[in-house]
2 protein chains.
Amino acid sequence: MEDRTDKASSDKATYQVTADDVAKLAGVSRWTVNRAFKKEASISAKTREKVMQAADTLGYLPDLLAASLASDRSNLVCLMVDDFANPHKLVMLERLTRILRKHGWDSLLVNTANDTETSAALMSASQRRVDAAVVIGIQFNDSNLATAQGARRVRKLIVFARSSENPDTISVCCDDVAAMDTITDYVIERGYRKPLFLAGPQTSSAHLGRKETFLRRWSNEFGQTPDFLVADRYDARLAYDLIHGTFVDRSVQDLPDIIVCENDALAMGAVDALRYGLGLRVPEDIAVTGFDDIPQVDSPNYKITTYRQPLTAMAEGLVEILRGTADNSALNHFRGQLVVRESA
Amino acid sequence: MEDRTDKASSDKATYQVTADDVAKLAGVSRWTVNRAFKKEASISAKTREKVMQAADTLGYLPDLLAASLASDRSNLVCLMVDDFANPHKLVMLERLTRILRKHGWDSLLVNTANDTETSAALMSASQRRVDAAVVIGIQFNDSNLATAQGARRVRKLIVFARSSENPDTISVCCDDVAAMDTITDYVIERGYRKPLFLAGPQTSSAHLGRKETFLRRWSNEFGQTPDFLVADRYDARLAYDLIHGTFVDRSVQDLPDIIVCENDALAMGAVDALRYGLGLRVPEDIAVTGFDDIPQVDSPNYKITTYRQPLTAMAEGLVEILRGTADNSALNHFRGQLVVRESA
DNA sequence: CGCCTTTTTGCACGCGCGTGCAATCACTTT
DNA sequence: AAAGTGATTGCACGCGCGTGCAAAAAGGCG
């Protein structure tokens, strides 16, 4: 005990206080100390108090590494992001990290922008025994999943804010069909009749996608399928080039009266292209709608009509999955709301 | 050996392959197996090959949790972000996660937006034995640092993209004095003579800040200190309100001819306020400069003249700190470059 | 007050790997 | 070919905590 104390005070900066030290000081066993730090442990109030006090004076905190190793649960979640160009990612990261931490999970942020490294990233995550890997906003590539043998050590594979057909995967997302129905209703109600759909990267599970929903719905309504363009990244600049390149030498009567975009990043690029590339007015000449309601589209420069996903509820749904208490049938049917601004 | 094999095949999904299994298959000791996975280990090429092959067929990967526990180095870095409103954070996160991972570190993303939770976040990070905590873009609050006893288990406290005076802290940032000098030179050279500085949250180490540098420099040059405004968050909307509120009922001759902003988020808000709130033209009536060169300011809507920090080099500098091979004297003197667009 | 039930506490063993050193092997030199 | 040298391999012990159960303590009742 003596030398323990000495050691602790002599090089406080590096000496790791362990549960044993606290136990000694509090006059209990090491196990009791650790129990004091577990919410639902069976321990008497005064013992816990005594332990906590000792822990406090020693500056003790349980070591999560050792705990994870022993218990085989890390309370760590891996967030995989491959598209840092879309500002909506920042919004999602803020929400997810906040909600996850509130419920006891820490977040490992993995950059899978380099497509070939996705499976490597997954394996690395598995090496840290993450409780789950959450793919944010992008359909998880099947080949990546297949090649990532390491995935078998990742307990759960979750796709967030994106529907997924993969059977090894759980998807937490809003109901794209309902969302696009809402947008379509609005577009029709406002009298637009020559829409163009600006889609993002096409994923494998396309038949439930926003683009497909809009096209099908419109076709049912008016008997003809609208035109669409596909951007292979959610990038405003790319959308700019696409819109500009497509319309630059088209006559006025061949232009759409509204561009329905798969998300806000594309919508911003579209607005810029219409205004600055083609000299058109938004919404007078051509209207634009987005999706996500990122902070930027509320700028007076854009004022884009868009659709807001219930990110907090979705994040809470994710937590339920982690806990294993989720009602999986409801997880991909979250409802958001239309946010009407001036662009349409 | 028999039952090992059985176990592995029977519930492959959950059974954790360990170095022992690989050792048995490869006919070597467990320690040799782990050596094969260490870059600089002393092991013969053919033994390693043999081991790797066995590891491959078993799908083995070293367990980083156990490794961290045993070695007391986690190869984990905690990235602390408290301001998700600034899109530049996304750029920094992309860069940091990519560079860190390239050098073998994983990133724990901690949301400290709720100010009171900063020290709690630090403690939690220390519970995972992170090799370092990196505070991104905001001056680390001294009281937080002080109260966070857990910090003593965090080996290194690093402030990224922000200068810091705190002695317990290492700062990796660009040379704000040089940067503001460059901007000031440009402003003067272009003939602006009535500047207003739009500053962000004031930190404790203010005397080296961008605002102070600009004011001092201008005063030296022209004998008078320019006006300034202070926004207490780097938020475009806040900047909009501030600029609009300040100038809305001021006569034309009392307006500045340029607004020098502490970063792009503020600059975007300023541009919006000038154009949409006050009906002024940028840059014809009032020019604007920013800082950071976030992707959004390259939009044709903004085209803001700004200053780009060398984020990649800074991230590499951070890695050097983690490795302990850094030349600390150079770490807060990175030089960026002026990016001239149309706003000034 | 003694017996029984219900907390509360203690403990052996294991989680998978790293460290530092000792033992062994491979290869060179004379 | 024997001795010497450096490269390679094996191993005891420990990292800090969880699990599941047994032992002990604390209440409850007549």
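Residues numbered from 1 in each chain as written. Chains lettered and ligands numbered in written order. Predicted model: local features only at pLDDT ≥ 70, side-chain atom pairs only at ≥ 80, totals over all residues. Heavy atoms only, no water.

(A) Focus on the interface of chain A and chain B. Counting from both sides, the interface comprises 56 residues of chain A and, opposite them, 56 residues of chain B. Across the chain A/chain B interface, buried area totals approximately 5,500 Å², and carbon plus sulfur atoms make up 52% of it. Across the chain A-chain B interface, the total number found is 6 salt bridges. Counting across the chain A and chain B interface gives 34 residue pairs in polar contact (both at pLDDT 80 or more). Of all the secondary structure elements, the ones that give two or more residues to the side of chain A that touches chain B are helix H4 (45-58), helix H5 (64-71), helix H6 (88-102), strand E2 (106-111), helix H7 (118-127), helix H11 (236-247) and helix H12 (264-277) of chain A. (Contact = heavy atoms within 4.5 Å. Buried area = accessible area lost by both parts, 1.4 Å probe. Salt bridge = Lys/Arg side-chain N within 4 Å of Asp/Glu carboxyl O. Polar contact = N/O pair within 3.5 Å; in protein donor to acceptor, adjacent residues only side chain to side chain. Helix = DSSP H or I, 4+ residues; strand = E, 2+ residues; numbered from the N terminus.)

(B) Molecular detail of the domain arrangement of chain A. What the domain assignment reports for chain A is domain 1 (2-62), domain 2 (75-174 + 311-334) and domain 3 (176-309). Placing the centre of domain 1 of chain A and that of domain 3 of chain A at their C-alpha centroids yields a distance of 60 Å. (Domains from an automatic or database assignment.)

(C) The pairing of strand E2 (residues 106-111) of chain B, seen in detail. Extensive coverage of E2(B) is indicated by the burial of 6 of its 6 residues. Here E2(B) shows two buried faces, one formed by B:Asp106, B:Leu108 and B:Val110 and the other by B:Ser107, B:Leu109 and B:Asn111. Of the pairings in the sheet, the one linking E2(A) to E2(B) comprises 3 bridges and is antiparallel in character. When the sheet's bridge partners are listed, A:Ser107 is paired in E2(B) with B:Leu109. As paired strands, strand E1 (residues 76-81) of chain B and E2(B) are joined by 6 bridges and run parallel to one another. Looking across to E2(B), one finds that B:Leu79 is bridged to B:Leu109. Viewed along the sheet, the connection from E1(B) through helix H6 (residues 88-102) of chain B into E2(B) turns out right-handed. (Buried < 20%, exposed > 50% of the residue type's maximum accessible area, 1.4 Å probe, protein only. Pairing = 2+ DSSP bridges. Right-handed = clockwise from strand over helix to strand, strands pointing away.)

(D) Up close: the nonpolar core. Residues A:Leu93, A:Phe160, B:Leu93 and B:Phe160 are the most contacted members of the largest nonpolar core, which totals 97 residues. Setting aside residues no more than four positions away along its own chain, A:Leu93 makes contact with A:Leu79, A:Val81, A:Leu109, A:Ile136, B:Phe84, B:Leu90, B:Leu93 and B:Leu109. Judged by nonpolar contacts, the second largest core, of 52 residues, contains B:Tyr234, B:Leu255, B:Leu266 and B:Val282. (Core = buried A, V, L, I, M, F, W, Y, C linked by side-chain atoms within 4.5 Å.)

(E) Local environment of the packing of helix H11 (residues 236-247) of chain B against helix H12 (residues 264-277) of chain B. Residue and element names in this part refer to chain B. Between H11 and H12, the least distance of the axes is 7 Å, while the angle of their chain directions is 45°. Accordingly, the angle class assigned to the pair H11 and H12 is oblique. By crossing handedness, the relation of H11 to H12 is classed as right-handed. Where H11 approaches H12, its residues Ala236, Ala239, Tyr240, Ile243 and His244 are matched on the opposing element by Ala265, Leu266, Gly269, Ala270, Asp272, Ala273, Leu274, Tyr276 and Gly277. Grouping the constituent residues of the contact of H11 with H12 by class yields 10 nonpolar, 3 polar and 1 charged. (Axes fitted to C-alpha atoms, helices over the stretch in contact; angles between N-to-C directions. Parallel < 35°, antiparallel > 145°, perpendicular 65-115°, else oblique. Left-handed = near helix turned anticlockwise from the far one by under 90°. Nonpolar A, V, L, I, M, F, W, Y, C, P; charged D, E, K, R; others polar.)

(F) Inspection of the UniProt feature "domain: HTH lacI-type" (unreviewed entry) in chain A at higher detail. Per the UniProt annotation, the sites labelled "domain: HTH lacI-type" (unreviewed entry) are residues 17-71 of chain A. Secondary structure over residues 17-71 of chain A splits into 67% helix and 0% strand, and the C-alpha atoms at its two ends are 20 Å apart. (UniProt positions renumbered as here; feature names shortened; annotations may be inferred.)

(G) Inspection of the relation of the copies chain A and chain B at higher detail. Take chain A, turn it by 180°, move it 0.0 Å along the axis, and it overlays chain B with an RMSD of 0.1 Å. When the rotation and shift are considered jointly, the pair of chain copies conforms to a two-fold rotation axis. Considering only C-alpha atoms, the residue of chain A closest to the rotation axis is A:Leu108, which sits at 2.2 Å. Residue by residue, 100% of the interface of chain A is reproduced at the interface of chain B, so both copies engage with the same surface. (Least-squares fit on C-alpha atoms with pLDDT ≥ 70 in both.)

(H) Examining helix H10 (residues 210-222) of chain B more closely. Residues and elements named next belong to chain B. Between its first and last C-alpha, H10 extends 18 Å over 13 residues, near the 18 Å set by a 1.5 Å rise per residue. Where H10 is concerned, the buried positions are Arg210, Lys211, Glu212, Thr213, Phe214, Leu215, Arg217 and Trp218. Residues of H10 that are buried in the fold lie against helix H9 (176-189), strand E6 (195-199), strand E7 (227-230) and strand E8 (258-261). (Expected span 1.5 Å × (residues − 1).)

(I) Layout of the pattern of salt bridges. Residue and element names in this part refer to chain B. The full count for this structure, using the stated rule, is 46 salt bridges over all chains. We note a salt bridge from Arg217 to Asp185, for which the minimum N-O separation is 2.7 Å. Here Asp185 lies in helix H9 and Arg217 lies in helix H10, a separation of 32 residues in the sequence. We classify Asp185 as partly exposed; its relative accessible area is 39%. Residue Arg308 pairs with Asp293 through a salt bridge whose shortest N-O separation is 2.8 Å. Here Arg308, found in strand E10 (residues 306-308), pairs with Asp293, found in the loop between strand E9 (287-289) and E10; they are 15 residues apart in sequence, far enough to count as distant. Owing to a relative accessible area of 15%, Asp293 belongs among the buried residues under this scheme.

(J) Highlighting the protein's contact with DNA strand C. Neighbouring residues of DNA strand C: 26 residues in total, closest A:Ser29, A:Thr32, A:Arg35, A:Thr47 and B:Tyr60. Backbone atoms, meaning sugar and phosphate, make up 56% of the atoms of DNA strand C lying within 4 Å of the protein. Within the contact set of DNA strand C, a phosphate oxygen lies 2.7 Å away from a side-chain nitrogen or oxygen of A:Ser29. Between B:Ala66 and DNA strand C, the recorded distance is 3.5 Å, taken from a backbone N or O atom to a base nitrogen. Secondary structure elements with two or more residues in the surface near DNA strand C: helix H3 (30-36) and H5 of chain A together with helix H3 (30-36) and helix H5 (64-71) of chain B. Class assignment of the residues belonging to the surface near DNA strand C gives a composition of 12 nonpolar, 9 polar and 5 charged. (Near = heavy atom within 4 Å.)

(K) Structural context of the sheet that holds E1(B). Strand order in the open sheet formed by 10 strands is E5(A)-E4(A)-E3(A)-E1(A)-E2(A)-E2(B)-E1(B)-E3(B)-E4(B)-E5(B), and the pairing between neighbours is mixed. A strand with exactly one partner marks an edge of an open sheet, and here the two such strands are strand E5 (170-172) of chain A together with strand E5 (170-172) of chain B. On average, adjacent strands in this sheet sit at an angle of 30° to one another, irrespective of strand direction. Taken together, the 4 bridges between strand E1 (residues 76-81) of chain A and strand E3 (residues 132-136) of chain A define a ladder with parallel strand orientation. Bridge pairing in E3(A) links A:Cys78 to A:Ala133. Taken strand by strand, helix H7 (residues 118-127) of chain B contacts E2 of chain A together with E1, E2, strand E3 (132-136) and strand E4 (156-160) of chain B, and its axis lies near 170° from that of E1(B). Relative to E4(B), helix H13 (residues 311-323) of chain B is tilted by about 170°, and along the sheet it contacts E1, E3, E4 and E5 of chain B.

(L) How the structure looks around the state of the cysteines. Residue and element names in this part refer to chain A. Taken as a whole and judged by the stated rule, the model has 0 disulfides over all chains. No disulfide involves Cys173; its sulfur sits 6.4 Å from that of Cys174, the nearest cysteine. Its sulfur unpaired, Cys261 is 16 Å from the next cysteine sulfur, which belongs to Cys174. Judged by relative accessible area, which is 1%, Cys261 ranks as buried. (Disulfide = S-S within 2.5 Å.)

(M) Examining the sheet that holds strand E6 (residues 195-199) of chain A more closely. Residue and element names in this part refer to chain A. Across the sheet, which stays open at both edges, the 4 strands sit in the order E7-E6-E8-E9 with parallel pairing between neighbours. The sheet is open, and its two edges are formed by strand E7 (227-230) and strand E9 (287-289), each paired on a single side. Across the sheet, the axes of successive neighbouring strands diverge by a mean angle of 20°, strand direction being ignored. Here 3 bridges tie strand E8 (residues 258-261) to E9, and the two strands are oriented parallel to one another. Among the inter-strand pairings, Ile259 is bridged to a residue of E9, identified as Val288. Sitting on the sheet, helix H9 (residues 176-189) is in contact with E6, E8 and E9, with an inclination near 170° to E8. Contacting E6, E7 and E8, helix H10 (residues 210-222) runs over the sheet at an angle of about 165° to E6.

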